[in-house]
Amino acid sequence: MHKQTSKGWRRKTAALLAAAGLFACVPVPAAAYDDFETVTAQVDLPLLQELAVTRPEGKASTSAANYYLTGSSNPEEELTLNGEPVSGRGALGSWGAWVALSPGENTFTLRNGAAEETVSILKSAGAGEVETTTVLTSQTPLYDVAALAGEKAVFRCVAPAGAQVSVQVDGETVPLRQKVAAAVEGVPAVFTGEWTVPDGGGVRSLGPVEYTLRYRGETSVYPSEGALYAVGSGETLLVQMKDTSSTVFRESSTSSNFMATAKAGAVDYVQAIEGNMYQLGMGGWVLQQNAQPLTEAAGYQNRVSDVWFESDEKAERFIFNGTGQPVFTAYQDAERLHIFFPHTSGIDAVPTGSSRLFDSVRVSRQEDGVSLDFMLSEGQTLWGYVVEYDGEGSTILTCKFPPRRAKGSQPLAGVTVAIDPGHGGEDSGALGITATRGATEKQITLATALAVEKRLQSLGASVVMTRRDDSAVSLSERQRIAEQAKADFFIALHANAPAAGSNGLKPNGVEVYYYEDISASFAGTLLERMVSETGRSARWARYSNFKVTLNSYAPSVLLEMGFLQNPAEYDDMCSRRGIFRTANAVADSILAALD
Ligand SMILES: [Zn+2]
């Protein structure tokens with residue numbers, strides 16, 4: 001995915017060490033937690049403990065050579081498949097079997113005590129049943145996007161093969177063509193069409209684009225989610241970053257190296273557009289979906305009039321009163337915090353006043369911006385930092401002190417932990433082995449998060465939850481909740497799933513993902529503690545850019561607790577015992593990080 005930088009080498013090593021189970025410090029025996037009932041009281045996940053086949057649901061046909069049968073059973077009774085005991089089975093009765101198919105009808109009979117179920121799978125030479133549609137979907141733009149005068153704007157949607165599709169934009173009608181001929185009328189097919197953006201001057205919003213579908217004598221209209229913006233020739237296009245944190249890439253491809261993290265509210269001009277990406281004035285590339293085109297003239301030049309310093313027991317802040325909100329680049333290491341503010345002038349010096357963290361700030365003005373090196377004082381550690389904009393031209397840099405382990409029975413007193421239960425609402429996440437009839441990912445992550453909350457509170461911590469019920473919360477909102485709380489740790493909880501239709505018995509184990517250097521060692525510790533607490537295997541602690549982990553203010557990780565299609569792990573993740581142990585592993589990792 002990305003070129004090996006020195007940073008890359010270190011990360012690779014972390015992953016390798018984790019895989020070898022050698023990572024992290026000498027294991028500290030998990031504290032003897034004796035409050036199982038309290039911590040897991042709220043766990044009430046739907047469990048199916050009678051014989052049922054959840055995959056396939058009813059008759060199935062496929063051209064594949066193998067099939068992953070799954071279901072539930074009464075764990076007290078033996079379970080056989082065509083007379084043979086089923087080996088892939090969890091403690092709560094869920095099961096999976098990877099079966100070979102022969103051409104024609106394949107029949108599988110499950111017996112579990114007195115219960116019996118038979119399913120049949122047709123192995124056909126060709127593909128199974130063909131699905132058709134009568135509606136139009138995925139019509140672009142899916143978000144507000146800008147296109148330059150004279151350039152081609154491409155409209156795309158999915159509609160029934162054989163239909164007629166056209167687009168109305170800026171008072172014009174653009175016919176769309178079906179990209180690929182289809183053997184069967186009505187199957188979902190991609191339609192595209194091009195339109196040369198007119199030069200109407202300025203930066204104009206043309207509003208959502210209207211798609212008209214004519215199919216089987218019916219005519220229906222579908223507006224696009226996003227609006228199209230036309231940028232007149234010679235005009236400067238400004239964009240404002242939408243999400244709490246978004247990745248800035250070095251090149252116009254998301255597989256290129258990450259350059260920076262752009263914060264909500266940052267404004268920059270666009271110097272080039274390629275595919276679905278904008279190149280900003282500061283040189284990096286951002287996804288168009290993360291950047292809102294602006295029509296009114298907003299300032300991107302940041303003229304700083306003064307800088308002042310303030311602090312409290314948790315952090316020190318540097319406030320730059322200016323006129324712009326630049327997309328900055330930054331990194332921290334053992335000696336300094338380095339920040340480059342593009343399009344910025346007026347900073348001659350940065351007062352460090354009574355700073356305990358820094359003994360000086362080196363200011364170096366560059367062609368189009370200013371570099372600041374906040375030099376750490378002897379023996380000081382910077383836990384993390386965050387840059388925010390107040391929306392009136394001020395940029396606030398917050399630099400956090402390391403949280404401390406408190407004495408006594410509340411070692412996490414004064415420590416704030418953000419817990420993010422993955423998915424929620426309409427987004428169920430991945431389905432478990434019992435499909436929609438048992439606990440789904442969103443339910444398992446919430447039940448586990450509530451137990452983690454109880455565990456951490458029992459140790460004195462303040463816990464910030466990004467959701468505490470089955471509500472839908474955007475990734476950006478989850479980031480905002482945790483960032484606003486200036487949490488000392490951020491942990492997103494998820495559960496893994498292999499490729500659909502693959503052998504779910506194979507992949508198992510725990511994965512941890514991190515983005516910032518400050519999160520690498522915590523990721524390794526959490527992996528090691530999850531393995532020693534739950535007994536699941538260690539897959540890796542690995543660098544990646546999951547949106548919710550793009551935090552520089554605290555160690556931030558995404559924990560894949562185990563595999564939902566693996567019966568043993570699924571049942572353990574649904575069990576109070578497994579959830580209790582995960583809660584303890586999370587707590588012990590935080591305690592270890594404070595040592
Ligand atoms: Zn997930």
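Worth saying up front: this structure is predicted, and the values here are computed from it rather than measured.

About the cut-offs
Residues numbered from 1 in each chain as written. Predicted model: local features only at pLDDT ≥ 70, side-chain atom pairs only at ≥ 80, totals over all residues. Heavy atoms only, no water. Helix = DSSP H or I, 4+ residues; strand = E, 2+ residues; numbered from the N terminus. Buried < 20%, exposed > 50% of the residue type's maximum accessible area, 1.4 Å probe, protein only. Contact = heavy atoms within 4.5 Å. Donors = N, O, S within 2.8 Å, 3.2 Å for Na, K, Ca; no water. Polar contact = N/O pair within 3.5 Å; in protein donor to acceptor, adjacent residues only side chain to side chain. Phe/Tyr/Trp six-rings, centres within 6.5 Å; stacked < 30°, edge-to-face > 60°. Pairing = 2+ DSSP bridges. Axes fitted to C-alpha atoms, helices over the stretch in contact; angles between N-to-C directions. Parallel < 35°, antiparallel > 145°, perpendicular 65-115°, else oblique. Left-handed = near helix turned anticlockwise from the far one by under 90°. Nonpolar A, V, L, I, M, F, W, Y, C, P; charged D, E, K, R; others polar. Salt bridge = Lys/Arg side-chain N within 4 Å of Asp/Glu carboxyl O.

Q: Mind laying out the environment of Gly-501, listing which residues take part and the relevant values?
A: With respect to the element layout, Gly-501 can be found in the loop between strand S35 (489-496) and strand S36 (510-514). Judged by relative accessible area, Gly-501 falls into the partly exposed class, the value being 35%. Each residue touching Gly-501, except ones within four places of it in the same chain, is listed here: Arg-55 and Trp-98.

Q: I'd like to hear about the coordination of the zinc ion, residue by residue, with values.
A: Protein-derived ligands of the zinc ion are His-423 (NE2), Glu-441 (OE) and His-494 (ND1), with the metal-ligand distances lying across 2.1 Å. Along the chain, the residues donating to the zinc ion fall in the pattern H-x17-E-x52-H. Of the two residues, His-423 sits in the loop between strand S33 (416-421) and helix H3 (441-458) while Glu-441 sits in helix H3, which places them 18 residues apart along the sequence. A relative accessible area of 17% means that His-423 is categorised as buried. What makes Glu-441 buried here is its relative accessible area of 3%.

Q: Any details on the side chain of Ser-73? Residues and values, ideally.
A: For Ser-73, the position within the fold is in the loop between strand S3 (66-72) and strand S4 (79-81). At a separation of 3.0 Å, a polar atom in the side chain of Ser-73 contacts the side chain of Arg-89. Polar side-chain contacts of Ser-73 include one of 2.6 Å to the backbone oxygen of Gly-93. If near-sequence neighbours (up to four positions away) are discounted, Ser-73 is found in contact with Leu-48, Gln-49, Glu-50, Leu-51, Leu-79, Arg-89, Leu-92, Gly-93, Trp-95 and Asn-112.

Q: If you had to explain the environment of Val-586 to someone new, which residues and values would you point to?
A: In this fold, Val-586 is placed in helix H7 (residues 576-594). Considering only alpha carbons, one finds Val-586 and Arg-455, 131 residues apart in sequence, at a separation of 8.8 Å. Non-local contacts of Val-586, meaning those with residues more than four positions away in its chain, are made with Val-452, Ile-491 and Leu-526.

Q: Provide a residue-level description of the packing of aromatic side chains, including the pertinent values.
A: Within this structure, the stated rule accounts for 17 aromatic pairs. The interplanar angle of 45° and the centroid separation of 5.8 Å between the aromatic rings of Phe-258 and Tyr-543 together place this pair among those described as tilted. Here the residue Phe-258 occupies a position in strand S18 (residues 258-263), and Tyr-543 occupies one in strand S37 (residues 538-543), the gap between them amounting to 285 residues. Taking relative accessible area as the criterion, Tyr-543 reaches 11% and is therefore assigned buried.

Q: Can you break down the sheet that holds strand S27 (residues 336-342) residue by residue, with the values?
A: The strand order across the open sheet formed by four strands is S26-S27-S30-S29, and the pairing between neighbours is antiparallel. Pairing within the sheet leaves two strands with one partner each, and these edge strands are strand S26 (329-332) and strand S29 (358-366). Averaged over all adjacent pairs, the angle separating strand axes in this sheet is 10°, with direction ignored. Relative to strand S30 (residues 369-376), S27 runs antiparallel, the two sharing seven bridges. The residue of S30 that forms the bridge with His-338 is Asp-373.

Q: How would you sum up the packing of H3 against H7? Please name residues and give values.
A: Where H3 contacts H7, the axes come no closer than 8 Å and their chain directions differ by 50°. On the basis of their axis angle, the class for H3 and H7 is oblique. For H3 against H7, the interelement crossing comes out right-handed. Within the contact between the two elements, H3 uses Ala-447, Thr-448, Ala-451, Val-452, Arg-455 and Leu-456 and H7 uses Ile-579, Phe-580, Thr-582, Ala-583, Asn-584, Val-586, Ala-587 and Ile-590.

Q: Which residues make up the packing of helix H6 (residues 567-574) against H7, and what are the values?
A: Each pair of packed helices can be described by the angle between their axes along with the distance between the axes. Where H6 meets H7, the closest approach of the two axes is 4 Å, and the angle between their N-to-C directions is 75°. Classed by the angle they form, the pair H6 and H7 counts as roughly perpendicular. Of the residues in H7, those touching H6 at Asp-572, Met-573 and Cys-574 are Arg-576, Arg-577, Gly-578 and Ile-579. By residue class, the composition of the contact of H6 with H7 is three nonpolar, one polar and three charged.

Q: Explain the sheet that holds strand S9 (residues 145-148) to me, using residue names and the numbers behind them.
A: Whenever strands of a sheet pair, they do so through backbone hydrogen bonds, lying parallel or antiparallel. Read across the sheet, seven strands follow the order S9-S15-S14-S11-S12-S13-S10 without closing on themselves; strand pairing throughout is mixed. The sheet terminates laterally at S9 and strand S10 (152-160), the two strands that pair on one side only. For this sheet, the mean angle separating the axes of adjacent strands, direction not counted, is 35°. Two elements, strand S11 (residues 164-169) and strand S12 (residues 172-178), share five bridges in a ladder whose sense is antiparallel. Looking at S12, one finds that Val-167 is bridged to Val-174.

Q: Any details on the pattern of salt bridges? Residues and values, ideally.
A: All told, the structure shown has 25 salt bridges when counted by the stated rule. The salt bridge partner of Glu-185 is Arg-216, with a shortest N-O separation of 3.4 Å. Of this pair, Glu-185 sits in the loop between S12 and strand S13 (188-196) while Arg-216 sits in the loop between strand S14 (203-215) and strand S15 (218-231), and the two are 31 residues apart along the sequence. For the salt bridge of Arg-317 with Glu-310, the shortest nitrogen-to-oxygen distance reads 2.7 Å. On the accessibility criterion, Arg-317 (17% relative accessible area) is buried. Owing to a relative accessible area of 31%, Glu-310 belongs among the partly exposed residues under this scheme. Here the salt bridges share partners, and the residues they tie into one network are Glu-310, Asp-312 and Arg-317.

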